[in-house]
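Close look at the chain arrangement
Here is how the chains run, residue by residue.
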Amino acid sequence: MLLRTRPILRRVALTGAALLAATAAIPQAAAATGEAGPSGGGLSAVIRYTENGIPHILARDYAHLGFGTGWAQAADQVCVLADGFVTVAGERSRWFGADAAPDGSLSSATRNLTSDLYFKGVRESGAVERLLATPAPAGPSKDLRELMRGWAAGYNAWLAQNEVTDPACKGAGWVRPVTATDVAARGFAVSVLGGQGRGIDGITAAQPPAAAPSGAGARTAAPRETDPAAAAEAARDFFDTTRHDMGSNAVAFAGSTTASGSGLLLGNPHYPWQGGRRFWQSQQTIPGELNVSGGSLLGTTVVNIGFNEKVAWSHTVATGTPVSLHQLTLDPADPTAYLVDGVPEKMTARTVTVPVAGGGPVTRTQWWTRYGPVVSHLGPGLPLPWTAATAYALNDPNAANLRGSDTALALGKARSVAGIQDALRRTQGLPWVNTVAADSAGGTLFTQSQVLPRITDELAARCSTPLGRATYPASGLAVLDGARADCALGSDPDAVQPGVFGPGRAPTLRDAPYAENSNDSAWLANAERPLTGYERIWGNAAAPRSLRTRGAIEDVAGMAAKGRLTVADLQEQQFANRVPAGDLAAADAAKACAALPGGTATAGNGAVVDVSAACPVLAGWDRTADSASRGALLFDRFWRRLTATTPPKDLWLVPFSAADPVRTPRTLNQAAPGIGRALADAVAELNAAGIALDAPLGEHQFVVRGGAKLPVGGGTEALGVWNKIEAPWNAAAGGYPEVLHGSSHVQAVGWDGGRCPVARTLLTYSQSANPNSPYYADQTRMFSQERWVTSRFCERDILTSPKLKVVWPRERR
């Protein structure tokens, strides 16, 4: 590895040697500084670091680009990456114990043992290798396979040539070299996050009725019948995109609304602040082939959300239900065989043995069918008992989808929103997200082009079991009759994979003045041009929207109407921290508070609490979740309690109307009995914690980095704040002392007629998880101060960075 000093690099910029030929990128870069570049015939890359440790990776082809990307990710995130590779190898129990919980980044498994049983089963089945061997477009492209090969080599080279300093894994035996198949296995895990990955506990617990073992999450009690009404509610909660630790906002503005006539994009994904689902920033360049900047999910080889010279895009978690269930009619003589048109078909037993720290290995058998694995439950509220007569199989089409990175690669090469659409049509790799995009010509796009089981409303009506007739309307979860061959999923002619919808069926909106999504369905991507006519599995329509969606539409519609928008307007929207719930309810809550007899209310524990001091705080609150806002914390604690115990029909005087979906429901019912109780509970809680009712939010919503307390603005899902922040309440530690998930890789992108995009970015939790890194908390401090990173995209901007540092990593053979 060679390091060059800043004066030399400034001379590079002055001599104009910045643009490198595609066939000789590294030798020319080295020659420009008068130094010998890496040699020896192995993979290598040039990495130019600018402010905040953001790498600009320059390579001659995809294998070399993957090498530079793997190296740079390892330098920042080696422990997080290594932990993920332990997960997909099915070895968490070996290293961390069977009963500990994974971090949730690569699945929803609740124990290391269940995670291992599933992922080790995937690896031993050869599923990932089969997907890698599938020709494109159904399988990964040659370019993607080269990227994965290079990424593994770069990660391994960093491990071999550097000392791990992160205390999270320094000296740990589980930090080991990886293969391209390991990288692909991680991509597989990301693909099934919304499907099999959410059902792992139920997949590994499912056992024939006479052979259910203890452990591994298995149920030892007699299976209970599934109540359709309860199942409908449980499925609605299970697939509710506003309740997960993955979410997002994104908006694209058309040229008709902007000062320059070019489009604008604000992307605000809400992802975990810790663990393996963090974003990581970079720019990837193969001269003449690819030049893209943005955020990558850790362990992926590509930029997942970002921008290039002509187009910018972001993703939001979509409402499409990515799985379906098939209710199996079992052979009366054999509970591991099921009938299809009266003919018995034997299940496939997948027996897996997992090594466990401090004990003997654990062996379990999973059961697979033509539809997918047998599953015993989806979450605690949706039991799917395996009886002598019936079992349930989980169909997840994304278990056959290793194309997500090909889609990201194609998006990075697009030059317009039409090119974005074409990339999605050709690759069809997005498993659980929408796409929102804008381009330099002023175009906009919203599309829900995700991989979904091809379940039409007609198929659901014809083939649903009684359970499915309850769950499908409520959540889009179909439960089909697995005993009938005519209930199999069909195929669209434009689909690259059997049993899924083709991209022509995806809800799509082109060139609207604004296109916005905040994790509700496609219906109100633009409130003046609602999208309808899609199948229920894609999401609902003419149904209540979340407060975050309602607030977002009010904000962006107002911005579009104002016009003459610039990137600065996007930056202002990101940190406006308006609380839609406060605008709707704070004044009425203050009035209800003031009307309480004697200024007291009864708490949930029966205590009588003086709440009179809360009334003026609520009335005087500025309705924002800024760090300095006084009253935001009180309203937050009150509102969470009120909405958790009071149904919408009792909360609002004006009910929801599909004719006025952004402004309804509204008008707080001041007589709702829960108001007094929620006020009393909130006031008592803050008093007990020694927190003033009018304390600034940032004094009690914060993170600690390097011993420094950094106030954090923003608010929870229940409040509807664009700048979403989710933090666990810990009164003893001062309130909300750590952020679990929320605003993550934020980007505000536009064009002003020049050669380079105008882009401001912010990685809220910073680039490195290593507390010894200078890039562990720098952007977190910026987020606390509502400051942005000015993106350096063009060569002249990269090479004139005052923080420029160049690294030439290479393989040593």
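Structural data are supplied above this passage.
This structure is a prediction, so every number in the text was calculated from the model and none was measured.

1. Side note on the overall build of the chain
On a plain count of helices and strands, the chain comes out with 23 helices and 33 strands. In terms of overall dimensions, the chain has a C-alpha envelope of 80 × 70 × 55 Å along the principal axes. Each of the 813 residues in the chain was classed as buried or not, and the buried ones make up 64%. Across the chain, the fraction of contacts at a sequence separation of at least 24, relative to all contacts at a separation of at least 6, is 68%.

2. Observations regarding the sheet that holds strand E15 (residues 372-373)
Note: strands within a sheet are paired through backbone hydrogen bonds, in either parallel or antiparallel orientation. The 3 strands are arranged E13-E14-E15 in an open sheet whose pairing can be described as antiparallel. With partners counted over all chains shown, the strands left at the sheet margins are strand E13 (348-354) and E15, one partner each. Contacts from helix H5 (residues 112-125) reach E13 and strand E14 (362-369), with the element oriented near 120° to E13.

3. Comments concerning the state of the cysteines
Per the counting criterion, the structure on display carries 4 disulfides. There is a disulfide in this structure between Cys463 and Cys487, and the S-S distance comes to 2.1 Å. Here the disulfide of Cys463 and Cys487 is left-handed, its torsion about the S-S bond being about -85°. Here Cys463 is found in helix H13 (residues 457-463), whereas its partner Cys487 is found in the loop between strand E19 (479-481) and strand E20 (508-510), with 24 residues between them in sequence. Of the two residues, Cys463 and Cys487, neither departs from the other in class, the shared state being buried.

4. Thoughts on the nonpolar core
In this structure, Val78, Tyr155, Phe253, Leu378, Ile420 and Ile455 are the most contacted members of the largest nonpolar core, which totals 173 residues. Element by element, the count of residues in this core is highest for helix H3 (residues 62-88), at 15 residues. Setting aside chain neighbours within four positions, we find Tyr155 in contact with Gly70, Trp71, Ala74, Val78, Leu81, Ala82, Phe85, Arg176 and Val178. Residues Val609, Leu642, Ala678 and Val721 belong to the second largest nonpolar core, which totals 46 residues.

5. Here we look at the pattern of salt bridges
Tallied over the full model, the rule gives 37 salt bridges. Asp492 is the salt-bridge partner of Arg454, the closest N and O atoms lying 2.6 Å from each other. Here Asp492 lies in the loop between E19 and E20 and Arg454 lies in the loop between strand E18 (444-447) and H13, a separation of 38 residues in the sequence. When sorted by exposure, Arg454 lands in the same class as Asp492, which is buried.

6. Examining the pairing of strand E9 (residues 311-317)
Among the 7 residues that make up E9, 7 are buried, leaving the element largely enclosed by the rest of the structure. Of the two faces of E9, the one carrying Val311, Trp313, His315 and Val317 and the one carrying Ala312, Ser314 and Thr316 are both buried. Sheet analysis places strand E8 (residues 305-307) next to E9, joined by 2 bridges and oriented antiparallel. Note that in E9 the partner of Phe307 across the bridge is Ala312. The antiparallel hairpin formed by E8 and E9 contains 3 residues in its connecting segment. Strand direction decides the pairing type here: E9 and strand E17 (residues 433-439), joined by 7 bridges, are antiparallel. Residue Ala312 lies in a different strand from E17, and its bridge partner there is Ala438.

7. Concerning the side chain of Asn434
Topologically, Asn434 is positioned in strand E17. Given a relative accessible area of 1%, Asn434 falls into the buried group. The contact partners of Asn434, leaving out residues within four places of it in the chain, are Ser314, His315, Thr316, Val317, Ala318, Phe446, Thr447, Gln448 and Asn517.

8. Focus: the packing of aromatic side chains
The full count for this structure, using the stated rule, is 22 aromatic pairs. Considering the side-chain rings of Phe67 and Trp71, the 6.4 Å spacing of their centres and the 35° angle between planes classify their relative orientation as tilted. You can see Phe67 and its partner Trp71 sitting in helix H3, 4 residues apart, about one turn around the helix. Of the two residues examined, Phe67 and Trp71, each falls in the buried class. Look at Phe307 and Phe793: their rings are 5.7 Å apart centre to centre, the planes differ by 40°, and that puts the pair in the tilted class. Note that Phe307 is positioned in strand E8 and Phe793 in the loop between strand E32 (789-790) and helix H23 (795-799), a separation of 486 residues in sequence.

9. Remarks on the packing of helix H15 (residues 547-562) against helix H16 (residues 567-574)
Axes are the key here: two packed helices are described by the angle between their axes and the distance separating the axes. At a minimum axis separation of 12 Å, H15 and H16 run at an interaxial angle of 155°. Compared by their axis directions, H15 and H16 come out roughly antiparallel. Considering only the axes of H15 and H16, their crossing is right-handed. Residues Asp555, Met559 and Lys562 of H15 pack against Asp569, Leu570 and Gln573 of H16. Per-class residue counts for the contact of H15 with H16 are 2 nonpolar, 1 polar and 3 charged.

10. Points about the layout of surface pockets
Taken as a whole, the largest pocket encloses approximately 1400 Å³ of empty space. Around the largest pocket, the lining comprises 42 residues; the ones closest to its centre are Asp240, Thr242, Arg243, Arg545 and Ser546. Only helix H10 (228-238), helix H14 (466-475), H15, helix H19 (632-645), helix H20 (648-651) and strand E24 (652-654) provide two or more residues apiece to the lining of the largest pocket. Considering each element in turn, the lining of the largest pocket owes the most residues, 4 residues, to H19. Of the residues that constitute the lining of the largest pocket, the class distribution is 17 nonpolar, 13 polar and 12 charged.

11. Regarding the packing of H5 against helix H8 (residues 180-191)
Interaxial distance between H5 and H8 falls to 12 Å at its minimum, and their mutual angle equals 125°. With respect to their mutual orientation, H5 and H8 come out oblique. Relative to H8, H5 is oriented so that their crossing is right-handed. For the pair formed by H5 and H8, the contact residues are Tyr118, Phe119, Val122 and Arg123 on the first element and Thr181, Asp182, Ala185, Phe188 and Ala189 on the second. Within the contact of H5 with H8, the residues separate by chemical class into 6 nonpolar, 1 polar and 2 charged.

12. Considerations on the environment of Ala748
Mapped onto the fold, Ala748 is located in strand E30 (residues 745-750). Since its relative accessible area comes to 0%, Ala748 is described here as buried. Each C-alpha atom of the pair Ala748 and Ser191 lies 27 Å from the other, and the pair is 557 residues apart in sequence. Each residue touching Ala748, except ones within four places of it in the same chain, is listed here: Leu265, Leu266, Val567, Leu570, Gln571, Val758, Ala759, Arg760 and Trp788.

13. Things to note about H14
Since the α-helix advances by 3.6 residues per turn, residues separated by three or four positions end up pointing in the same direction. With respect to burial, H14 is a largely interior element, 7 of its 10 residues being buried. For H14, the full list of buried residues reads Leu467, Gly468, Ala470, Thr471, Tyr472, Ala474 and Ser475. For H14, the secondary structure elements touched by its buried residues are H10, strand E10 (324-331), strand E16 (390-395), H13 and E19.

14. Quick word on H3
In a regular helix each residue adds 1.5 Å, so 27 residues correspond to 39 Å; H3 covers only 24 Å between its end C-alpha atoms and thus falls short of that length. Counting buried positions over the 27 residues of H3 gives 26, a clear majority of the element. Measuring from the side-chain oxygen of the N-cap residue of H3 to the backbone nitrogen of Ala63 gives 3.3 Å; that N-cap residue is Asp61. Of the residues one or two after H3, Gly90 is the one with positive phi, at around 70°.

15. Details of empty space enclosed by the protein
This model, assessed by the stated rule, comprises 9 cavities of 30 Å³ or more. Empty space within the largest cavity amounts to approximately 440 Å³. Around the largest cavity, the lining comprises 32 residues; the ones closest to its centre are Val190, Thr300, Asn304, Gly404 and Ser405. Elements supplying a minimum of two residues to the lining of the largest cavity: helix H7 (142-161), H8, strand E4 (247-253), strand E5 (264-272), E9 and helix H11 (404-413). With 5 residues, H8 is the single largest residue contributor to the lining of the largest cavity. Grouping the constituent residues of the lining of the largest cavity by class yields 17 nonpolar, 14 polar and 1 charged.

The rules we used
- Residues numbered from 1 in each chain as written.
- Predicted model: local features only at pLDDT ≥ 70, side-chain atom pairs only at ≥ 80, totals over all residues.
- Heavy atoms only, no water.
- Helix = DSSP H or I, 4+ residues; strand = E, 2+ residues; numbered from the N terminus.
- Buried < 20%, exposed > 50% of the residue type's maximum accessible area, 1.4 Å probe, protein only.
- Contact = heavy atoms within 4.5 Å.
- Pairing = 2+ DSSP bridges.
- Axes fitted to C-alpha atoms, helices over the stretch in contact; angles between N-to-C directions.
- Disulfide = S-S within 2.5 Å.
- Core = buried A, V, L, I, M, F, W, Y, C linked by side-chain atoms within 4.5 Å.
- Salt bridge = Lys/Arg side-chain N within 4 Å of Asp/Glu carboxyl O.
- Phe/Tyr/Trp six-rings, centres within 6.5 Å; stacked < 30°, edge-to-face > 60°.
- Parallel < 35°, antiparallel > 145°, perpendicular 65-115°, else oblique.
- Left-handed = near helix turned anticlockwise from the far one by under 90°.
- Nonpolar A, V, L, I, M, F, W, Y, C, P; charged D, E, K, R; others polar.
- 1 Å grid on protein atoms, 1.4 Å probe; cavity = no way out; pocket = protein on both sides within 12 Å on 5 of 7 lines; lining within 4 Å.
- Points joined across faces, edges and corners; volume = space filled by probe spheres on them.
- Expected span 1.5 Å × (residues − 1).
- Polar contact = N/O pair within 3.5 Å; in protein donor to acceptor, adjacent residues only side chain to side chain.

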